[in-house]
Amino acid sequence: MPFRIAEIIKIHSESTIAKQLQLRLRGAVTPVNLRGRLVLEVMEVSAEGLDVVQFHLRNSSQRIEARGIRRRVEAGPRATLEQRCRLALKEGYGSPLVGSFPFGDDLPDFLYEPAFVQRAPYHAHTQSKAVAPASIELSAFVAHPTEADFARMVEQALDLLAQQPGSALEKVVLSRQLQLFGASGLDYDALLDSLSQDLAATAFRVDLSEQGDHLLIGATPEKLISRKGLHVSSLPLAGSIPRGKTEVEDRERAEQLSRSEKDSREHAMTREFVLDTLNPFCRELGTQEGTILYPTATMWHLGTAIEGKLKGADMPSAAGLAAALHPTPAVGGFPREAARAAIADIEPYDRGFYAGAIGYVDGSGDGEWYVSLRCAELTDDRLTLHAGAGIVAGSEPDQEVRETAAKFRAMLRAMGVADVTWAGQEAAE
Ligand SMILES: C=C(O[C@@H]1C=C(C(=O)O)C=C[C@H]1O)C(=O)O
C-alpha cells in the first residue's frame, strides 16, 4: 500500500468503510474512487496519524473537523499572521488552515494545514445525548485567584478607571480561573458533544500540540469575524447577566440587562471598535437589527450583528481581519493599549489561549474566527477554566464575581459539575 497519510488531502466519508471514499492524492489522478479492500487499508494507515491532532468547530449551521497535520504554519506573533497564512496557503495542498492564536499578541500561535478536513451541516438532533465526561466534584477545582481576590482586582481596575477619567482607560476586561489537576484522562470527545448541545454557541476543540498534552475546548457565543467572498460579519457581545432559573425570573433578567446604562455603555465601546476597525476595509458596513439580547444556555448578552462588504478581493483574509480586530474591547478593554497594560498589571497569570481566537482560513481568504471564550485549556494534566467580565465606571466587584461564576457554568455544566453546591454558586444565583 504505497499511500502515506501525509499524502491524503481530503476524505469525504463517515468512518464506515462500506462508503466509498473520495481521495485526492498528490501526483495521482484525482479524485480516485477506491473499492472496499483498498479503502480498508487506507483507513488502517490513516487511523494512526489522524487521531493525533484534532480540530473541531460545531454550531447550529455546520460542523468542521480536521485531523492530522500535513504542514505547520510557521508560528509567530499576530502582526505577521496574515502574511504567514498567505505563504502557507500558497505553498500548501489546497486545504484550509486551521488553528488558534493566544490572547497575547507576541505569543506564538498554532496553525496548520490538516491532513484531513471534513465539513458538513450540523444537526444537533443526530448527536447522541450529552454524556458527562466524568463525575468530578466541584471541590476538586482550585479558584485562581480566589473570589475575594478577584473582587479586589476589580476594585484595582475601578481605581485605574477613576484616575484616568474620560481618556486613558474606559474599560478593562478582567478574568479569573478554575484549575483542575489530573485532567489529562478526561473524555474530551464526550465533553465536546456535551458542549455542542448549546446551539447559541460554537463548540470547539483545538489541539495545540502534536503530543496530545495541550488543547483548548469550549463553547463560545462570540464570532470575531467571518468572510465569505466579499461578505464579512461579526457578532460582538458585551454586557451580560446570568439566565434566570424560572421563566419569569429569566425575562426579568433580560429586561434588567436591556435597561442597564452601564451595560449599554460597555457594549457600545465594543460595537464601535469593531465598526471602526472594519471600516477601512469595507465599502458597505452596518448593523441591520441594532443591539439585541443574545441568550446562551447560561447567560444573556448584549450583541450587535455587524455585516459588511469588503472593498475588493484583495482586502485582508478572514485571518488578517481577525488579527486586526483582536483583542476587541469585549475581551481586552478600551482603549486597547491602556487596557492591555492594565490586564498585565492586575491579572496574576498569562491568559494563554483563552480570549484569543480559533478558526480557519482558506486560499480564497474565506474563513471564520471565534473568540476563545467559555473554555478550558489543558496543559499537561492541568485543565484551566477561564471566565472574564468587562469593568467600566459603575461596575460592582460582587456583581463581577457573580458574572464570572455564571460564565464558568457553560463548561461546568458540560462537565457534569453544574448544580452542585460550591463557594461561587450562592453568588451566581
Ligand atoms: C470575557 C468573557 O466574555 C466576554 C465579556 C462579556 C461581558 O463582559 O459582558 C460578554 C461577552 C464576552 O465578550 C468570558 O466569557 O470570559
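Residues numbered from 1 in each chain as written. Predicted model: local features only at pLDDT ≥ 70, side-chain atom pairs only at ≥ 80, totals over all residues. Heavy atoms only, no water.

Draft legend 1. Region of interest: the sheet that holds strand β14 (residues 237-242). With antiparallel pairing, three strands are arranged side by side in an open sheet as β14-β17-β16. Either end of the sheet is taken by a strand with one partner, and the two such strands are β14 and β16 (291-295). Strand after strand, the sheet turns through a mean of 25° between neighbouring axes, direction not considered. Sheet analysis places β16 next to strand β17 (residues 299-304), joined by five bridges and oriented antiparallel. The residue of β17 that forms the bridge with Ile292 is Gly303. (Pairing = 2+ DSSP bridges. Helix = DSSP H or I, 4+ residues; strand = E, 2+ residues; numbered from the N terminus. Axes fitted to C-alpha atoms, helices over the stretch in contact; angles between N-to-C directions.)

Draft legend 2. Fine view of unusual backbone geometry. Residue Pro145 is reached from His144 by a cis peptide bond, and omega for that bond is -5°. For the bond from Phe334 to Pro335, the omega torsion is -15°, close enough to zero to count as cis. One can find Pro335 in the loop between β19 (333-334) and α8 (336-346). Phi angles above zero are rare outside glycine, and Arg374 is one such case at about 50°. Assignment of secondary structure puts Arg374 in the loop between β21 (367-371) and β22 (375-379). Residue classification places Arg374 among the buried residues on the basis of a relative accessible area of 8%. (Buried < 20%, exposed > 50% of the residue type's maximum accessible area, 1.4 Å probe, protein only.)

Draft legend 3. Here's a closer look at the packing of aromatic side chains. What the rule picks out here adds up to two aromatic pairs. Ring plane angle 70° and centroid distance 5.7 Å describe the contact between Phe110 and Tyr112, whose orientation is recorded as edge-to-face. Here Phe110 matches Tyr112 in class, with each residue buried. The aromatic ring of Tyr93 is capped on one face by Arg70, whose charged end is 3.8 Å from the ring centroid. For Arg176, the ring lying beneath its charged end belongs to Phe150, and the centroid distance is 5.7 Å. (Phe/Tyr/Trp six-rings, centres within 6.5 Å; stacked < 30°, edge-to-face > 60°. Lys NZ or Arg CZ within 6 Å of the ring centre and 35° of its normal.)

Draft legend 4. Structural detail: the site of the ligand. Looking at the ligand, there are 17 residues lining it, with Glu222, Ser240, Tyr354, Arg374 and Gly388 nearest. In the environment of the ligand, an oxygen atom lies 2.5 Å from a nitrogen or oxygen atom belonging to the side chain of Ser240. Contact distances for the ligand include 2.6 Å between an oxygen atom and a side-chain N or O atom of Arg374. Isolated, the ligand exposes 390 Å² of accessible area, and the fraction of that covered by the protein chains is 100%. Breaking the shell around the ligand down by element, the ones donating at least two residues are β14, β23 (382-392) and α9 (397-414). Residue composition of the shell around the ligand, grouped by class: seven nonpolar, five polar and five charged. (Near = heavy atom within 4 Å. Polar contact = N/O pair within 3.5 Å; in protein donor to acceptor, adjacent residues only side chain to side chain. Areas by Shrake-Rupley, 256 points an atom, 1.4 Å probe, with all protein chains shown as cover. Nonpolar A, V, L, I, M, F, W, Y, C, P; charged D, E, K, R; others polar.)

Draft legend 5. Structural context of the pattern of salt bridges. Applying the stated criterion to the full structure yields 25 salt bridges. Lys262 is the salt-bridge partner of Asp263, the closest N and O atoms lying 3.8 Å from each other. Through salt bridges with shared partners, a single network forms among Arg78, Arg84, Asp105, Asp109, Glu337 and Arg340. (Salt bridge = Lys/Arg side-chain N within 4 Å of Asp/Glu carboxyl O.)

Draft legend 6. Highlighting helix α5 (residues 247-259). The terminal C-alpha atoms of α5 lie 18 Å apart, and with 13 residues this matches the ideal 18 Å at 1.5 Å per residue to within 8%. For α5, the complete set of buried residues consists of Asp250, Arg253, Ala254 and Leu257. Seen end-on, α5 carries its buried residues on one side only, within an arc spanning 100°. Contacts made by the buried residues of α5 are with β14, α6 (261-278), β16 and β17. (Expected span 1.5 Å × (residues − 1). Arc of directions from axis to C-beta. Contact = heavy atoms within 4.5 Å.)

Draft legend 7. Looking closely at the environment of Asp106. Within the fold, Asp106 resides in the loop between β6 (97-101) and β7 (110-120). Exposure remark for Asp106: the relative accessible area of 69% places this residue in the exposed category. For the pair Asp106 and Gly76, spaced 30 residues apart in sequence, the C-alpha separation works out to 7.4 Å. Among residues more than four places away in sequence, those in contact with Asp106 are Pro77 and Arg78.

Draft legend 8. A look at α6. The first and last C-alpha atoms of α6 sit 26 Å apart over 18 residues, in line with the 26 Å expected at 1.5 Å per residue. Turning to α6, its buried residues are Lys262, Asp263, Glu266, His267, Met269, Thr270, Phe273, Val274, Leu275, Thr277 and Leu278.

Draft legend 9. Inspection of the pairing of β23 at higher detail. Of all 11 residues in β23, 10 are buried; the element is thus mostly enclosed. In the sheet, strand β9 (residues 171-180) pairs with β23 via 10 bridges, with the strands oriented antiparallel. Bridge pairing in β23 places Lys171 opposite Val392. Both β22 and β23 contribute to a ladder of four bridges, which runs antiparallel. Within β23, the position partnered with Ala376 by the bridge is Leu385. Following β22, the chain reverses through two residues before pairing antiparallel with β23; Asp380 in that reversal takes a positive phi of roughly 55°.

Draft legend 10. Expanded view of the side chain of Thr220. Position of Thr220 relative to the elements: it lies in strand β11 (residues 214-220). Thr220 sits in the buried class, given a relative accessible area of 0%. For Thr220, the side chain forms a polar contact with the main-chain oxygen of Val371, separated by 2.7 Å.

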